[in-house]
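Read off the chains here:
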Amino acid sequence: MAAALNGALRDAMRDDGDVLVFGEDVGPLGGVFRITDGLTAEFGAERCFDTPLAEAGIVGLAVGLAMGGFRPVVEMQFDAFAYPAFEQIVSHVAKARNRTRGRMNLPLVIRIPFGGGIGGVEHHSDSSEAYYAHTPGLKVVTPATAEDAYWLLRDAVADPDPVVFMEPKRLYWARGELDRGARSAAPLGRAVVRRPGRDATVVAYGPAVPVALEAAREAAAEGVELEVVDLRSVVPLDDATVTASVRRTGRCVVVQEAQGFAGVGAEVAARVQERCFHSLAAPVLRVAGFDVPYPPPVVERAHLPGVGRVLDAVFRLQFDDEPDRTHEVSERAREVSRVAS
Amino acid sequence: MAAALNGALRDAMRDDGDVLVFGEDVGPLGGVFRITDGLTAEFGAERCFDTPLAEAGIVGLAVGLAMGGFRPVVEMQFDAFAYPAFEQIVSHVAKARNRTRGRMNLPLVIRIPFGGGIGGVEHHSDSSEAYYAHTPGLKVVTPATAEDAYWLLRDAVADPDPVVFMEPKRLYWARGELDRGARSAAPLGRAVVRRPGRDATVVAYGPAVPVALEAAREAAAEGVELEVVDLRSVVPLDDATVTASVRRTGRCVVVQEAQGFAGVGAEVAARVQERCFHSLAAPVLRVAGFDVPYPPPVVERAHLPGVGRVLDAVFRLQFDDEPDRTHEVSERAREVSRVAS
Amino acid sequence: MSSLTSRGTVDRLLPSFSPVRVVAEDGVPLAAPEAYELPADALLVDAFRRMVVGRRFDAQATVLTRQGRLAVYPSSRGQEACQIASALALRGEDWLFPTYRDSVALLARGLDPVEILTLLRGEWHCGYDPAAWRTAPQCTPLATQTVHAVGLADALRRRGRGGVVLALVGDGGTSEGDFHEALNFAGVLRAPVVFLVQNNGYAISVPLARQSAAPALAFKGVGYGVASEQVDGNDLVATLAVVTAAVERARAGEGPFLVEAHTYRVEPHTNADDATRYREETEVARWRAADPLARLERYLRGRGLLADGGVAAAEEEAERVAGEVRERLGGEMEADPLEMFRHVFAEPTPQLVEQRALLAAELAADAEGGER
Amino acid sequence: MSSLTSRGTVDRLLPSFSPVRVVAEDGVPLAAPEAYELPADALLVDAFRRMVVGRRFDAQATVLTRQGRLAVYPSSRGQEACQIASALALRGEDWLFPTYRDSVALLARGLDPVEILTLLRGEWHCGYDPAAWRTAPQCTPLATQTVHAVGLADALRRRGRGGVVLALVGDGGTSEGDFHEALNFAGVLRAPVVFLVQNNGYAISVPLARQSAAPALAFKGVGYGVASEQVDGNDLVATLAVVTAAVERARAGEGPFLVEAHTYRVEPHTNADDATRYREETEVARWRAADPLARLERYLRGRGLLADGGVAAAEEEAERVAGEVRERLGGEMEADPLEMFRHVFAEPTPQLVEQRALLAAELAADAEGGER
Ligand SMILES: Cc1ncc(C[n+]2csc(CCOP(=O)(O)OP(=O)(O)O)c2C)c(N)n1
Ligand SMILES: Cc1ncc(C[n+]2csc(CCOP(=O)(O)OP(=O)(O)O)c2C)c(N)n1
Ligand SMILES: [Mg+2]
Ligand SMILES: [Mg+2]
C-alpha cells in the first residue's frame, strides 16, 4: 500500500502545481514510512518540504496555504502525534467553510498513519478516527487495499473539503496490485461489498478489512457465508450500502481496531439497528479493540480484534438478551479458531 | 447549579489542603461563570490561582502537581478552549496510571463547561464529551441537578483517577435546592432513574436531562409514561441501570445535545440493542444535535434537541424499517408540540 | 564544532529597550527616533479621522449590547492607535488576521460595519468575504490565527505577486503554544509576516505580570530569529511608523517581524465582564488620561495640521457611521435555520440530507402550528 | 505608562554568545570561564567511569535491536557528556524528566538497566517506579514532559522540602508549543526547574537550520524571563559546570534556567533509521572525532587524574554491565495479556470487567486448543 500512496502523491503533484506536501521528515528522508519517498527529488524542496517539529504549526500552516489557494497535503508522523494539532483541526480545518458561508474552503488533506500491529512502543499504535469522525466538517476516509489507497488519496487531494486520510500502518507493507491506468475504485463516500454472502454482514474499515475477509473465508469453510462491507469512507458514511446488505442478511457484526467505546463501530451499530430493526434476527454485535490504552507490543496481539474474535461474534448472532452469555466465547468459534491456527 | 459547584470546590479545598484550583481567570475574577468565586479570597492565591493563558500548559502543570502529590482541579474556560490541551489529556492524563503499572496515578479533575443554549458566539457552545469518553483512562461525568453538581464534583476530586467533569453551562443558572449536610446523591459511576415510567425509556445526560423530563411530562399528558434515566457518569457507564429499564419498557430513546455521529448516544444505543435486543419492540432511536458545527445564536434553538424532537422520536418507536419514515415528524408529536407551545 | 553567535546578530533581532515613542502623552513631539521614518502628515490626519470614527463605532457597539442587539462586544477603546495603525500600514494586496477585539481595525480597513458585527451579533460566524477583503475571519481561539497568517504569507511569497500579512494577537494570546509555533515557522520560512501584539495589560482578568516574566513580550522574537520592536501603542505616530517599517521590511523580503505595542484596554473585557473585580479604578483613570486619540489631536493641532473644523468633520462622519450601524442593526435578524446544513461541506453528506429533512419537517410543523 | 527595560536585566537573561567551554577538543584545558565553578576532580573521574559504562550499555542496546531483543533503541552515542552531566548535577531529592533518548542518563542516575529498557523492549510502557527514582517515565510525545517538570517543580516548592527538577528535551522538541508553555509557566511561577536542550543537530532527519532560525536555541529564554546559557555539550567538564550551576541557582530560589548543550547524534535516530538519506558521512566523521569521552579521557590523563588502570577498571565495569544486560534480556518476555485491564483505572469499570472476561475466555480457549 505504501507504493500506491506514494504514487498517488506523485501523480497529484504532477497534475496540479498547487499541491504541496509537508510535515516532519517528509523531505529527504521520505517520511518514516517512506510514503513521500522521492517527492523532494522530483518536485523540489519548495513543493515537498520538512517543517519544524510542531503539529499545530503544520496544520495551521496548511490552513493559511489553503486560504492562499494551495492544496496542502500534510503528514502527521503517527496518529498520537496529531493530537497537538487537535484545536487547529477541530476549530479551524473543520469549520472554515461553514464559518464563512462557503466563501472560504480549505481543500487540504491530513494524512495520519493509524492503528497498531507493528510492534510499536507507546504512542505509535493509536487509532483516532473517531475523534475526527465525530467532528462535523471533516471527511474521514481509510483505504484497505492498494487500489483504494491510490484512488481515495487522489480523491482526497481533489476534494473541495478537508479530508482526514487515515492510513492503516500495518497494511503499508501489504502487497497489492495496482493499475493506475484506469480507475476501478469507487469514489470517496461509497462503501463496497468486498465479498458477497447471505448469512450475515460484517462491516469493517481500514486495518479491520483483511481481518473480516479472513474471518469470512474461515466461516465459509464452516458453511457460513459472510458478506463483508468495507466502509472506505467513515464520513460521509454510505448508509445505503450497509443497510441494503443487512436487510438482506438479517445479521450484522461491526469490526474496528480502535477502542470500542463511542467509536465508529458504535455509530454503525446504532444506525443499522435504527434502519434495519425489523430485518434483524439478532442484535448488531461489535468487535473492537478493548477500552484500554494501546498495550505494549508483547501483548498487542491479544488486544487486536482478530479472526477468532470476529468469528466468535458471528456465531453469537443468534443468542438471547442474557448479557453474560454474550461474553462467552462460543464453542463453535473455538473450534474454527483451532482449525484455523 | 453554579452555587453547588462553587460549594463543592470550597468544601473540597477545606477538607484537603492538597486540593489546588487553577486556570484562566479563576482567581480574583472567580471564573467567567463565577464557579470559583471567592476561592482565592478564602484560600489564598497559592491555592486558587490564575495561570498564563495556555491550556496545554494548565493541564501539563496539573500532571506535574499531581505527580508531586497534589490534587489539582483545573478549569477550561469553554470546551472548545480545552482542545489545545488534547495531547496532554489523551497522551498523559489518561495513560499515566496504565503506563506505570499503577505506580503513578493522577488524581486530577478537568472541569469543562460544555454545550450551548446560552446565545454564545462561535466556539462557546461545543459539546466535547465524546472525545474524552472515547479515550481509555478518563472518567467522564456530567451533572444535571444541583445536588449532583455538588456530590459528583466532590466524588471527582476524591477519585483516585483523572476525571473530566463536564458542566452543562446552560444549567449554571438553573435553580435547585441543595442540602449539603447529608449525602443523598448516588456515587460516581451510577445512573439514576429520574422519573419512572412503563412505556419507554429515555436515556439522557447533562443538559439533555431537563429536556427529557419535560418531554416525559408532556407525554404523560398524552397517556404515555416515559422512564427517564440520567446517566450522570458517561465513563464508567452504568449498563445495569439502563439495561434493566429498557428490558422493562421495551423501547428506548437516547438524547444528547452533542452532534450525534459517533457520540455517546451512539454508544448507548449500540449497547442497549446488544443487550436488550429481544426485549425491544422497536429500534433504539437517537435524538442529538445535528452533525454541523454549532450554529450561531440566531438559529441555535433549531439545532438543540428540544422537547418536540424527543417526543417525535418517542412516537416513532413503533415504526418499521422504512428509513424515510424515520425522518418524518410524526403527526402525534406535532400535536403534542402544538399543545405544549 | 560549536558556533559563535555575534552580538551584532543578536542586537539586530532584539527590540529597543524602551518602547519607541514619537509623541509625548501631552501631545508634544519628542526627538524623532532615528530608526524610523515618520508617516506623512496627510496620513496622520486621515488616521485621526479614522480614530474618531472608530471610537464612536466602538461606543455604539457597546450600547447595542445593552439593548440586546449584539450578543457580545469586546471593546477596542484605548487601543485605537494600534488598530488604526494596523489598517493604515497595509496595502490592498496585503492580508490582515484580526481577533475578536479588532473591530476598529476592520472598520478602518474599509469593511462594512454590519459585516464586522455579524459575528458579535450572533447572526453568523463571519459576516464578510475573507478573500474579497483580504481579511481573515475575526479569530476567537487565541493565537491560532497567527499560524494561518504564516501560511498565507508563505502562499503570497510562493505566488510571487507581493503582499504581506499582518497578524494581530493579544498579550494573553502570546502564551499559547500556537503563537510560538507561528513565530518559529515564520523565522524558518522567512515568511513576509508581521505579528503585532496589542499588549493591553490584561487577558480578561489576568494582568501581564501573571502572563509573562519577560522583560517585554517583544523579547520573544530573538529566540526565533525574528526581528522585533516595542512601541508605545497609544502613540499613533510611533505605532504607525514602526508597523509600517515592519511591513515594508517584510515586503522587501527581509523576513518576519514582531512588534509589541504597549496599550491598555480601557473598557471591561467585553460588556459581560466586571472589571472592578480585578483592577483599580485609579489605574483605569490613569490610562484614560493617556488617551491615544486626545494625544494625536493635540499633536496635530500643535503642528497646525488639524483645527476645529477637521475635528468637527470627523465627529460628524462618526455620528453618521454610528447612526447607520444603529439603524441597520435595529431590526430583527432573519435567519433560515436550514442554512446550518448548507456549508458544512461543498455537497451535503447523506447524513446531513436526512437531518436537514428532519429539521425542515419540524419547521414546517411549527409553522403550521403557528398559523392556527 | 511605558516601561523601560534595562539592558542589565536583559543581559542577565541572555546566554553567552558562544558556548561555554572548559576543555578543548584535543583535551587541553582552556581558560576557565569566570562565571562557573569547575566540578571537583573526583567527580570528573567518576563521570568518566559513567561515560564509559554508558557508552558500552548504549552499544549493547543497539546490538540487542539487531537480535530482535529490543523493539527499538534511540542511541545516546555522542551525547554522553550531556547525559552524564544531567545525572551528576542532581541530588537524590531532585527529579529528572527524561525523553526516550536518555537511557544513559538514567543508567548514570542509578536505575536498573533492564527497567530502563522495558519500554524499548516492548514489554511495558515504563519499567521503573517514577516516585522511587524521582524520575519521570521516558517521554515520547515531544516536549510534553517539560510542562510536567514545571508542575512537579512547583509541587516541590510548595512542599518546601527542597528539590529541583531537570527536564531534558531535544532541539526538535523546542519547536513544540508545549516547550514554550513550559518556559512561560516556569518564568511566571519562578519554578525551581532547569531545561536542558540537547541540541544534537537533528530531529530525525531534519537539521537544526530547518528547525529554528534563532541565533542559538538558548536565546529563547529571555522571551520568558528565564535565564539561559549555551555550552559545548561534548565538553563534560563545561556541561557539568553549567548544569550544576543552573540546578543550584534554582535550588537557591533564583528561578528557572534554560541550558542549550551543543552536541551531536552520532548514530542514526534509532536502529530503524537510515541516516545516509539526510546527512553526509564526512559530517558524522567530524563529530566522531570530537568524541566527548575521548576528550574527557585526554583531559583527565593530562591532568594526571586518570591512568591506564582507571580506564581499564571502567571498561571492565562496562563489560560487566553489558553482560548483565545481555543475559537478563536474553530470555523470552513473559507477559499476561490480562494485565492490560488492570491499571486503566484504580478499579475497573463494568465495561472493562466484561472485556477482560471476553479476553480471558479467548485465552482459555487458545490454551485448550494449544494443549491438544
Ligand atoms: C484557546 C483559547 N482559550 C481561551 C479563550 C477565552 N478567552 C477569550 S479572550 C481571552 C483573553 C485574551 O487576552 P488577550 O490575548 O490579552 O487579548 P485581549 O482580550 O486582551 O485583547 C480568553 C482567555 C479563547 N478564546 N481561546
Ligand atoms: C508530538 C510528537 N511529534 C512527533 C514525534 C515523532 N518523533 C519522535 S523523535 C522525533 C525527533 C525528535 O527530535 P529532537 O527533539 O531533536 O530529539 P532527538 O531525537 O534528536 O534526541 C520525532 C519527530 C513525537 N514523538 N512526538
Ligand atoms: Mg490583552
Ligand atoms: Mg535532536
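All values derive from a computational prediction rather than experimental measurement.

Rules used throughout
- Residues numbered from 1 in each chain as written.
- Chains lettered and ligands numbered in written order.
- Predicted model: local features only at pLDDT ≥ 70, side-chain atom pairs only at ≥ 80, totals over all residues.
- Heavy atoms only, no water.
- Contact = heavy atoms within 4.5 Å.
- Buried area = accessible area lost by both parts, 1.4 Å probe.
- Polar contact = N/O pair within 3.5 Å; in protein donor to acceptor, adjacent residues only side chain to side chain.
- Helix = DSSP H or I, 4+ residues; strand = E, 2+ residues; numbered from the N terminus.
- Nonpolar A, V, L, I, M, F, W, Y, C, P; charged D, E, K, R; others polar.
- Near = heavy atom within 4 Å.
- Donors = N, O, S within 2.8 Å, 3.2 Å for Na, K, Ca; no water.
- Buried < 20%, exposed > 50% of the residue type's maximum accessible area, 1.4 Å probe, protein only.
- Domains from an automatic or database assignment.
- Salt bridge = Lys/Arg side-chain N within 4 Å of Asp/Glu carboxyl O.
- Least-squares fit on C-alpha atoms with pLDDT ≥ 70 in both.
- Pairing = 2+ DSSP bridges.
- Axes fitted to C-alpha atoms, helices over the stretch in contact; angles between N-to-C directions.
- Areas by Shrake-Rupley, 256 points an atom, 1.4 Å probe, with all protein chains shown as cover.

Caption draft 1: View of the interface of chain C and chain B. Every contact between the two is made by 43 residues of chain C and, on the other side, 39 residues of chain B. For the pairing of chain C and chain B, the buried interface totals around 3600 Å² over both sides, and the portion due to carbon and sulfur atoms is 65%. Broken down residue by residue, the surface that chain C buries against chain B is led by His125, Arg277 and Met340 of chain C, which jointly contribute 19%. On inspection of chain C and its partner chain B, the count reaches nine residue pairs in polar contact (both at pLDDT 80 or more). It is helix 14 (residues 350–371) of chain C that provides the largest number of residues to the side of chain C that touches chain B, a total of 10 residues. Looking at the side of chain C that touches chain B residue by residue, the class counts come to 22 nonpolar, 10 polar and 11 charged.

Caption draft 2: Summary view of the site of ligand 2. The environment of ligand 2 is formed by 21 residues, the closest being Glu55 of chain A together with Tyr100, Arg101, Asp171 and Gly173 of chain D. Neighbouring residues of ligand 2 are not confined to a single chain but are spread across chains A, B and D. Contact distances for ligand 2 include 2.6 Å between a nitrogen atom and a side-chain N or O atom of Glu55 of chain A. Backbone polar atom of Gly173 of chain D to an oxygen atom of ligand 2: 2.8 Å apart, as the coordinates give it. Residues that form the shell around ligand 2 fall into these classes: eight nonpolar, seven polar and six charged.

Caption draft 3: Structural context of the coordination of the magnesium ion (ligand 4). All names here are of chain D. Only Asp171 (OD), Asn200 (OD1) and Tyr202 (O) from the protein reach the magnesium ion (ligand 4) as donors, at distances of 2.0 to 2.1 Å. Donor residues binding the magnesium ion (ligand 4) come from one chain and are separated in sequence as D-x28-N-x1-Y. Residue Asp171 is found in the loop between strand 2 (165–170) and helix 8 (177–189), and its partner Tyr202 is found in strand 4 (residues 202–203); the two are separated by 31 residues along the sequence. For the pair Asp171 and Tyr202, one class covers both residues: buried.

Caption draft 4: Layout of the domain arrangement of chain C. Split by domain assignment, chain C resolves into domain 1 (8–328) and domain 2 (337–371). The C-alpha centroid of domain 2 of chain C is placed 40 Å from the C-alpha centroid of domain 1 of chain C.

Caption draft 5: Summary view of the interface of chain A and chain B. Opposite the 56 residues of chain A that make contact, chain B presents 56 residues. Interface of chain A and chain B: buried area, both sides summed, is about 5200 Å²; carbon and sulfur atoms make up 58% of it. Seen at the junction of chain A and chain B, the total is eight salt bridges. Put simply, Glu274 of chain A and Arg286 of chain B hold a salt bridge, and the shortest N to O gap is 2.6 Å. Here chain A is connected to chain B by 18 residue pairs in polar contact (both at pLDDT 80 or more).

Caption draft 6: Examining the relation of the copies chain A and chain B more closely. Superposing chain A onto chain B takes a rotation of 180° plus a shift of 0.0 Å along the axis, which leaves an RMSD of 0.0 Å. Within this description, the copies of the chain are treated as partners about a two-fold rotation axis. Take the interface residues of chain A: 100% of them recur as interface residues in chain B, which is what a same-surface contact looks like.

Caption draft 7: Region of interest: the side chain of Asp239 of chain B. If you trace the backbone, Asp239 of chain B turns up in helix 9 (residues 239–249). There is a polar contact of 2.7 Å between the side chain of Asp239 of chain B and the side chain of Arg271 of chain B. Sequence-distant contacts of Asp239 of chain B, defined by excluding residues within four places in its chain, comprise Arg271 and Arg275 of chain B together with Gln351 and Glu354 of chain D.

Caption draft 8: Summary view of the coordination of the magnesium ion (ligand 3). Residue and element names in this part refer to chain C. Taken together, Asp171 (OD), Asn200 (OD1) and Tyr202 (O) make up the full set of protein donors to the magnesium ion (ligand 3), lying 2.0 to 2.1 Å away. Coordination of the magnesium ion (ligand 3) draws on donor residues from a single chain, spaced D-x28-N-x1-Y in sequence. Here Asn200 and Tyr202 have matching classes, each one buried.

Caption draft 9: Here's a closer look at the pattern of salt bridges. Within the structure shown, the criterion is met by 122 salt bridges over all chains. Between Arg10 of chain B and Glu42 of chain B there is a salt bridge whose closest N-O contact spans 2.6 Å. Here the residue Arg10 of chain B occupies a position in helix 1 (residues 2–15), and Glu42 of chain B occupies one in helix 2 (residues 39–43), the gap between them amounting to 32 residues. You can call Arg10 of chain B buried: its relative accessible area is 18%. The closest approach of N and O atoms between Glu46 of chain B and Arg157 of chain D, which form a salt bridge, is 3.2 Å.

Caption draft 10: Representation of the sheet that holds strand 7 (residues 192–195) of chain A within the structure. Residue and element names in this part refer to chain A. With respect to topology, five strands assemble into an open sheet ordered 7-9-8-11-12, the strand pairing being mixed. Where the open sheet ends on each side, the last strands, each with one partner, are strand 7 and strand 12 (285–289). Neighbouring strand axes in the sheet, compared pairwise and without regard to direction, differ in orientation by 25° on average. Sheet topology note: the strand 11 (residues 252–259)/strand 12 ladder contains four bridges and is parallel. The residue of strand 12 that forms the bridge with Gln259 is Gly289. Sheet strands in contact with helix 9 (residues 239–249) are strand 7, strand 8 (200–204), strand 9 (226–230) and strand 11, and its direction is about 170° off that of strand 9. Packed onto the sheet, helix 12 (residues 307–315) meets strand 8, strand 9, strand 11 and strand 12 and runs at close to 165° relative to strand 12.

Caption draft 11: The arrangement of the site of ligand 1 in detail. The local shell around ligand 1 holds 21 residues, among which Glu55 of chain B together with Tyr100, Arg101, Asp171 and Gly173 of chain C are the closest. Residues lining ligand 1 come from chains A, B and C. Gln77 of chain B has a polar side-chain atom sitting 3.4 Å from a nitrogen atom of ligand 1. Contacts to ligand 1 include Asn200 of chain C, whose side-chain N or O atom sits 2.9 Å from an oxygen atom. Coverage of ligand 1 by the protein chains reaches 96% of its 580 Å² of free accessible surface. Its residues placed into classes, the shell around ligand 1 shows eight nonpolar, seven polar and six charged.

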